[in-house]
Number of protein chains: 2
Amino acid sequence: MKRMTVQRQCILDELKKSRTHPTATELYECLRHTLPHISLGTVYRNLHRLAEKGLIRKLELGEGESRYDPDLREHYHVRCIRCGHIEDVVLENVLDVSTIRSQQGNFVIQGFHLEFIGYCSQCGQEIRGLNHEL
Amino acid sequence: MKRMTVQRQCILDELKKSRTHPTATELYECLRHTLPHISLGTVYRNLHRLAEKGLIRKLELGEGESRYDPDLREHYHVRCIRCGHIEDVVLENVLDVSTIRSQQGNFVIQGFHLEFIGYCSQCGQEIRGLNHEL
DNA sequence: ATTGTTGCAAAGGGTTTGCACGTAA
DNA sequence: TTACGTGCAAACCCTTTGCAACAAT
């Protein structure tokens, strides 16, 4: 992260503009409109570096592609089991890590990853529709 | 899961014997001692089916290979950031999902994934050693 | 006899990397 | 001018899959 290149700036801007916690591929497709020759490798490289520097967060929860989040405030995510759509969940003081011990008591626990799962409004509706058909 | 083959039984037995939440590859390497011709594909196929039937749990948290757990009781895991070693964490009534709402309130939240991270005793020691050297 | 399961190898998805070229500092 | 960053393509890791042969029911 020694130089601010056009690509790096665009990736960061695009991510900050987004509200969907996009994947690297989604960002890539989007960026190609303004930077037709950008490569997916560059997108990955920059997302990695930006996350490393703490400018963005990498979300690697559950299966599938990692997603990226420009919002650094404490919050969690709920992911739709059916379509993968993600929404924010704001919660404070969820867990006090200092009170938690591993089974053998040998671990120094420093933090946690937490993700909620469920059905987004659209998938919830569609599932109810399918049930009626049965 | 219509037939109990030698392979399927061995995979289940090996997993139940283990205390390390092994990966598919780790199980594969281990099983080759007794079943030299077993294939990694078979291991994956069976782990998938066993998890589907609820006989084991698939742990897909953070990066890297998925791990498999024969313990179906409610418990969580702490993963060493440095070496990947996993230990159990027993906690009850961690979160009441019914009280949680997504930001737009559109999600029907059904559950959550929770994983703790930290340093195992060995890595904790080694890090302290490295700090002294500095 | 039927059909689920296997071993094998190839393909798949997501991500990283080696290289020569380009460009911000 | 000189590292650092890029585009490209190949490689990588983990996992799934197509297929013909095999074996549990």
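Above this text is the structure in question.
Calculation notes
- Sequence order sets the numbering: in each chain, residues are counted from 1 along the sequence as written.
- All chains are assigned letters beginning at A, and all ligands numbers beginning at 1, according to the order in which they are written.
- In view of the model being predicted, local features appear only for residues whose pLDDT reaches at least 70, and side-chain atom pairs are presented and counted only at 80 or more, with totals across whole chains, interfaces and linings using the full set of residues.
- Heavy atoms from the whole structure form the basis of all side-chain values; hydrogens and water molecules are not counted.
- Counting from the N terminus, the helices are the DSSP runs of H or I reaching at least four residues and the strands are the DSSP runs of E reaching at least two.
- C-alpha atoms define the radius of gyration in this analysis, and the globule rule sets the expected value at 2.2 Å times the number of residues to the power 0.38.
- Superposition of the copies used a least-squares fit over C-alpha atoms from residues whose pLDDT is at least 70 in both.
- Residue contacts are counted whenever heavy atoms from the two residues lie within 4.5 Å of one another.
- Expected span of a helix: the number of residues minus one, times 1.5 Å.
- When accessible area is computed with a 1.4 Å probe and restricted to protein chains, residues below 20% of their type maximum are described as buried, those above 50% as exposed, and intermediate ones as partly exposed.
- The arc refers to the directions leading from the helix axis to the C-beta atoms.
- To define a nonpolar core, start from buried Ala, Val, Leu, Ile, Met, Phe, Trp, Tyr and Cys residues and group those joined through side-chain atoms within 4.5 Å.
- Here, a strand pair is defined by DSSP locating no fewer than two bridges between the strands.
- Nearness here has a simple test: a residue counts as near a molecule or strand if at least one of its heavy atoms is within 4 Å of that partner.
- A 3.5 Å cut-off defines polar contacts: any pair of N or O atoms within that distance qualifies, except that in protein one atom must be a possible hydrogen donor and the other a possible acceptor, and neighbouring residues in sequence count only when both atoms are side-chain atoms.
- In the scheme used here, Gly and all other residues not listed as nonpolar or charged are polar, with Ala, Val, Leu, Ile, Met, Phe, Trp, Tyr, Cys and Pro taken as nonpolar and Asp, Glu, Lys and Arg as charged.
- Accessible-area loss on putting two parts together, using a 1.4 Å probe and summing over both, is the definition of buried area adopted here.
- Think of a salt bridge as a Lys or Arg side-chain nitrogen and an Asp or Glu carboxyl oxygen that are within 4 Å of each other.

Looking only at helices and strands, chain A has four helices and five strands in total. Starting at the N terminus, the α and β elements of chain A follow one another as α-α-α-β-β-β-β-β-α. Taking 14 Å as the expected radius of gyration for a compact globule of 134 residues, we find that chain A reaches 18 Å, considerably beyond that expectation. Seen through its C-alpha atoms, chain A measures out along the principal axes to roughly 55 × 45 × 25 Å.

On to the relation of the copies chain A and chain B, then. Once chain A has been moved 0.0 Å along the axis and rotated by 179°, it coincides with chain B to within an RMSD of 0.1 Å. With respect to symmetry, the two chain copies, as superposed, fit the operation of a two-fold axis. Of every C-alpha in chain A, the one belonging to Leu114 of chain A sits nearest the axis of rotation, 2.3 Å from it. Interface residue correspondence from chain A to chain B reaches 100%, placing this contact among same-surface, isologous pairings.

The subject of this paragraph is helix H3 (residues 40–52) of chain B. Residues and elements named next belong to chain B. Given a rise of 1.5 Å per residue, 13 residues ought to cover 18 Å, and the 18 Å separating the end C-alpha atoms of H3 matches this to within 8%. Of the positions making up H3, those classed as buried are Thr42, Val43, Asn46, Leu47 and Leu50. Projection of H3 onto a plane perpendicular to its axis shows the buried side chains occupying an angular sector of 130°, all on one side. Residues of H3 that are buried make contact with helix H1 (6–17), helix H2 (24–31) and strand S2 (67–69).

What follows covers the nonpolar core. In terms of nonpolar packing, the biggest core is built from 31 residues, with Phe116 of chain A together with Phe112 and Phe116 of chain B touching the most fellow members. Broken down by secondary-structure element, the contributors of at least two residues to this core are strand S3 (76–80) and strand S5 (108–119) of chain A together with strand S3 (76–80) and strand S5 (108–119) of chain B. Every residue in contact with Phe112 of chain B, bar those within four places of it in the chain, is listed here: Leu114, Glu115, Phe116 and Ile117 of chain A together with Tyr76, Val94, Leu95 and Val97 of chain B.

Residues and elements named next belong to chain B. Side-chain alternation along strand S4 (residues 86–89) places Ile86 and Asp88 on one buried face and Glu87 and Val89 on a second face that is also buried. Sheet topology note: the S3/S4 ladder contains four bridges and is antiparallel. Note that in S4 the partner of Tyr76 across the bridge is Val89.

This part takes up the protein's contact with DNA strand D. The environment of DNA strand D is made up of 21 residues, and the closest members are Arg3, Thr5, Gln7 and Thr42 of chain A together with Tyr44 of chain B. For DNA strand D, the fraction of atoms within 4 Å of the protein that belong to sugar or phosphate moieties is 69%. Backbone polar atom of His37 of chain A to a phosphate oxygen of DNA strand D: 3.3 Å apart, as the coordinates give it. A distance of 2.5 Å separates a phosphate oxygen of DNA strand D from a polar side-chain atom of Thr42 of chain A. Elements represented by at least two residues in the surface near DNA strand D include exactly helix H1 (6–17) and helix H3 (40–52) of chain A together with H3 of chain B. Its residues assigned to classes, the surface near DNA strand D shows five nonpolar, eight polar and eight charged.

Further remarks concern the interface of chain A and chain B. Each side of the interface is counted separately: chain A has 37 residues, and chain B has 37 residues. Of all residues in chain A, Glu87, Phe107 and His113 of chain A give up the largest surface area on contact with chain B, accounting jointly for 21% of the area buried on that side. In this structure, the connection of chain A to chain B is made through zero salt bridges. Where chain A meets chain B, there are 16 residue pairs in polar contact (both at pLDDT 80 or more). At the level of elements, S3, strand S4 (86–89) and S5 of chain A are the ones that each hand at least two residues to the side of chain A that touches chain B.

It is worth spelling out the protein's contact with DNA strand C at this point. Tyr44 of chain A together with Arg3, Gln7, Arg8 and Thr42 of chain B are the nearest of the 21 residues found near DNA strand C. In DNA strand C, atoms within 4 Å of the protein come 70% from sugar and phosphate. The contact in question runs from a sugar or linking oxygen of DNA strand C to an N or O atom on the side chain of Gln7 of chain B, over 2.8 Å. In this structure, a phosphate oxygen belonging to DNA strand C sits 3.3 Å away from a main-chain N or O atom of His37 of chain B. At the level of elements, H3 of chain A together with H1 and H3 of chain B are the ones that each hand at least two residues to the surface near DNA strand C.

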